[in-house]
Structure formats: structure tokens, C-alpha cells
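Per-entry structural report
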Amino acid sequence: MRIKAMMNVYLHGLSTCVPPHALPQDEVRDRAHEILGPRFKGFDRLAPVFDTSGVRMRYSVAPFDWFENAGGWTDRNSRYMAGATDLYVEAATKALADADWSADAVDILVTVSSTGIATPTLEAQAKGRMGFRDDCLRVPLFGLGCAGGVSGLNVSRELACANPDAKVLLVVIETCTLSFRKARPKKADIIATILFGDGAAAVALSGKKTHVRIGRGASKTWDDTLPIMGWEVDEDGLAVVFDRSIPDFVTQEMRAATDTALESMSLSRDTIGRLVSHPGGAKVVVALEASLELGEGSLDVERDVLRDFGNMSAPTVLFVLDRILKRGDAKGSGKPLLVSALGPGFSAAFTPIYVD
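Throughout what follows, the structure given in this document is the object of discussion. Numbers given for residues are sequential positions, taken from 1 along each chain in its written order. With the structure being a predicted model, the display of local features is reserved for residues of pLDDT at least 70 and the display and counting of side-chain atom pairs for 80 or more, all residues being used for whole-chain, interface and lining totals. For the side-chain quantities, the full set of heavy atoms in the structure was used; hydrogens and water were omitted.

A word on the overall build of the chain
Segments assigned H or I by DSSP are reported as helices when at least four residues long, segments assigned E as strands when at least two residues long, and all are numbered from the N terminus. Helix and strand content of the chain: 11 helices and 14 strands. Here the chain has a C-alpha radius of gyration of 19 Å; the compact-globule value for 356 residues is 21 Å, and the two agree. Taken over the C-alpha atoms alone, the chain extends approximately 60 × 50 × 35 Å along its principal axes. Here the term buried applies to any residue with accessible area under 20% of the maximum for its type, exposed to any over 50%, and partly exposed to those in between, with areas from a 1.4 Å probe on protein chains only. By the burial criterion, 56% of the 356 residues in the chain qualify as buried. Contacts are residue-level and defined by heavy atoms, with any inter-residue pair within 4.5 Å sufficient. Across the chain, contacts joining residues at least 24 apart in sequence account for 80% of those joining residues at least 6 apart. Between the mean site of the 40 positive side-chain charges and the mean site of the 45 negative ones, the chain shows a separation of 2 Å. Radius of gyration: over C-alpha atoms. The globule rule applied is 2.2 Å multiplied by the number of residues raised to the 0.38 power. Charge assignment in this entry is limited to Lys and Arg as positive and Asp and Glu as negative, and neither His nor the chain termini are counted. By convention, the charge on Lys lies at NZ, on Arg at CZ, on Asp at CG and on Glu at CD.

Dropping the structure here:
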């Protein structure tokens, strides 16, 4: 589908935040050995990945002790509701301050989250603490997984295009650590324990001009790829699905998908200043560099974010974007950034960012 751009949309504020409980990777490794080692016969074979994953620190809405006695749906979702609402308030407040907007000036609220169930949705949970107006358009997006940050940005942009005078606030929140499993010893659960962290990001955008313009995005969903990534749902809650084929899939498919997306934007890889990618894991970052011929080590900020926060799913790529904008990579180059992420579907989402 091609959506005609009606107007330019600009970034006014961008924020990131993490919950209070720090999970140093060496301590996670030791605790995982105690909890999962006796339950999973292949644990010792996977244990070295804790040290080679590229992750050194993560953050969680739950303290370390919770993981030893993690409960079922009720326990996990109550922690999601409390932790995600707190993250919403912090991320939204910081993005509004960055934009110099008041909460009651916001017209459209877009909320992205796939790691828990909230009805009423998170922006409604946070309304009383934030001071949003009671006539805001609420747009919750669920099920986008790791692609949610970029897909949410694209949806928010299109809403701003369709509502020229509107102020739009996008908030992206995931509490991935709550998917921890000790009763279902599968390889995917060990990998999730090695990689996952919690976090949130928020973006304020509107049609009023700033020095950062958000271009019209693009997306792709591959046929016959549903089992590659997602959630399985059982009595304990959400259990991660990671197919071992993901790095090879990225190596084989991402170049063509990126070129097609760029063509739809009247761009090419030669006209892009930098790829801003979701760092799903160390192997995925390497696969992206190889597939797109970026050069080894080019995605340095992606590796830094993975090191400092782990894979937080949807908000992670916005952490990368925040660091790159602050570093000034695209400023004055005349070449846009291309923000991209892969997620369940199996799908890819892309957004060009132009910096004056």
C-alpha cells in the first residue's frame, strides 16, 4: 500500500528510560545457572553465550528475587501493568519536556506494547498522572514486537499528516524480562534470559517545523514466516518464539527488502547517511552489516545500546536513534538516517529521518 504524504512531520521531543532494577549480566549468568541449570540439560552448552552476547547490563520492572519464584499470568501481568505504567509516565514526561509541550496540549496518543495485556490501555492508566485531556484520540498498537518502535513511528507520522494541527505523542514500552521461564526449559527461553531487558521511549511529533523531519516510512511482511518470531501463550503467560534461522534470514533477505523500501522513498543505499537499526542480538547486528555491505563494526551505536540495555524489543531502536541524533551523525551531511527494525510477521519497518 502506498500512502500519500499530505504534509511534512517533524520530531519535537525524544526520550528514553529504563526501570529501576539493574541486572548485570554476570549476576544474571550466575542466577540462571542456579535456577535453570538443573532443569535444562543443555544449559552448560549455552552458558558461554552470556559472555559473548554483547550484553553487559539490563534493567527490569522486577527485582532479582522475583525470577526465582515467577508466577503465572496474574503475577506477571500485574507487574506489567504497574511497571509499564510507571515507564509510560516517565518516558512521556521527558519527551514532553524535550518538546516544551504540556500534557494537555497533546491531541493524539499512540501506545506501542506487546509484553502484557492492559485494558484499559496504558495511556488510560497513565492519564490521571499525566494530565492528558479527556478528548485525546487513543491509538494502542499490540503485537508488533521488535518492529514496534519503527512501525509506531510510521503510524504516528501518518496520523500527524492526516491531522495537520495535531500534536502526537508516541510512547513505546516493553517489559520483556517478565517472559522469563524456568518450568519450560527451551533454548529460546535461555536466549531470552541472555538478551532481554525492559525499557521505554517516547517521541513527540507534529507538523510544526523543527530541524528533524520524519519522512514517510515503508514496511514489508514476508510470506510463510509466521513461526520465526512471536509469542506462545500458555497458562504461565507469554513465552518467546525465536527461530534459529533469524540471522541467516537477515543475511539473505534484508538487502533486497531495504532496497525496495528505499526505492519507495525515492532513496537508495548510496543516499543514506547511516542505518539506525534495532540490535536484536550480536549475531543479528553482524548479519545486518554483512547483508547491507556496511563494513564490519559500522553499527557501533547499536552494539553500545545492546551492551548497556540488552534487547528491549520495540523501544530499543529509539534508544539507538536518540544516541545517534545526540552524536550528530547526520547533521549537515545532507543524507537522511534510515531507521529500521525487524519483528513478528516476519516483518521489517523503515523510517527515513532528515536532519538539517
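Let's talk about the environment of Val-89
Following the sequence through the fold, Val-89 ends up in helix α4 (residues 73-99). Residues Val-89 and Lys-127 lie 38 residues apart in sequence; the distance between their C-alpha atoms is 8.8 Å. For Val-89, the residues in contact, after removing those within four places along its chain, are Ala-126, Arg-129 and Met-130.

Points about the packing of aromatic side chains
A pair of aromatic rings is counted whenever rings of Phe, Tyr or Trp (Trp by its six-membered ring) have centres within 6.5 Å, and the orientation is called stacked for planes under 30 degrees apart, edge-to-face for over 60 and tilted otherwise. Applying the stated criterion to the full structure yields 9 aromatic pairs. Judged by centre distance (6.3 Å) and plane angle (85°), the ring pair of Tyr-88 and Phe-132 falls under edge-to-face. Taken together, the residues span a long stretch of sequence, with Tyr-88 in helix α4 and Phe-132 in the loop between α5 (122-130) and β5 (137-141) at a distance of 44 residues. Taken as a pair, Tyr-88 and Phe-132 share a single burial class, namely buried. Put simply, the rings of Tyr-59, Phe-309 and Phe-319 touch in pairs and so form one group of aromatic residues. In our convention, an over-ring charge means Lys NZ or Arg CZ found within 6 Å of a ring centre and within 35 degrees of that ring's normal. Between the NZ or CZ atom of Arg-31 and the centre of the ring of Phe-64, over which it lies, the distance is 4.6 Å. Taking NZ or CZ as reference, Lys-167 lies 5.6 Å from the ring centre of Trp-101, over its face.

Re the pattern of salt bridges
We define a salt bridge as a side-chain nitrogen of Lys or Arg found within 4 Å of a carboxyl oxygen belonging to Asp or Glu. Counted by the stated rule, this structure contains 22 salt bridges. When the shortest N-O distance is used, the salt bridge between Glu-158 and Arg-157 registers 3.2 Å. For the pair formed by Glu-158 and Arg-157, the shared burial category is buried. Across the salt bridge formed by Asp-300 and Arg-274, the nearest N and O atoms sit 2.9 Å from each other. With a gap of 26 residues between them, Asp-300 in helix α10 (residues 300-309) and Arg-274 in strand β12 (residues 274-277) connect regions that are remote in the sequence. Note on Arg-274: relative accessible area 10%, which makes it buried. Each of Glu-27, Arg-31, Asp-65 and Glu-68 takes part in one network of salt bridges that share partners.

Focus on the pairing of strand β4 (residues 108-112)
β4 sits mainly inside the fold: 5 of its 5 residues count as buried. In β4, alternate side chains face the same way, and those of Ile-108, Val-110 and Val-112 on one face and Leu-109 and Thr-111 on the other are all buried. Pairing between strands is defined by DSSP: at least two bridges between them are needed. Of the strand pairs in this sheet, β4 and β5 are connected by 5 bridges, and their pairing is parallel. Across the sheet, Ile-108 pairs through a bridge with Leu-137, a residue of β5. Seen with the strands pointing away from the viewer, any crossover whose path from the first strand over the helix to the second strand runs clockwise is right-handed. Once you follow β4 into α5 and on to β5, the crossover reads as right-handed. Bridge count between β4 and strand β6 (residues 167-175): 5 bridges; the pairing is parallel. When the bridges of β6 are listed, Ile-108 appears paired with Val-168.

Topic: α5
Burial in α5 covers these residues: Leu-122, Glu-123, Ala-126 and Met-130. Seen end-on, α5 carries its buried residues on one side only, within an arc spanning 75°. Where α5 is buried, its residues touch α4, β4, β5 and β6. Phi for Gly-131, located one or two positions after α5, is positive at around 90°. To be clear, the arc concerns the directions from the helix axis to the C-beta atoms.

Topic: the packing of α10 against helix α11 (residues 316-327)
Here α10 crosses α11 at 125°, and the two axes come no closer than 9 Å. Looking at the two axes, α10 sits oblique to α11. The hand of the α10/α11 crossing is right-handed. Side by side, α10 and α11 meet where Asp-300, Val-301, Glu-302, Asp-304, Val-305, Asp-308 and Phe-309 of the first sit next to Thr-316, Phe-319, Val-320, Arg-323, Ile-324 and Arg-327 of the second. We call Asp, Glu, Lys and Arg charged. Ala, Val, Leu, Ile, Met, Phe, Trp, Tyr, Cys and Pro are nonpolar, and the rest, Gly among them, are polar. The residue inventory of the contact of α10 with α11, partitioned by class, reads 6 nonpolar, 1 polar and 6 charged. Here, axes are lines fitted to C-alpha atoms. For helices the fit covers the stretch in contact, and angles between N-to-C directions go from 0 to 180 degrees. Geometric relationships in this document are graded by angle, where less than 35 degrees denotes roughly parallel, more than 145 denotes roughly antiparallel, 65 to 115 denotes roughly perpendicular, and other angles denote oblique. In a left-handed crossing the near helix is turned counterclockwise from the far helix by less than a right angle, and in a right-handed crossing that turn is clockwise.

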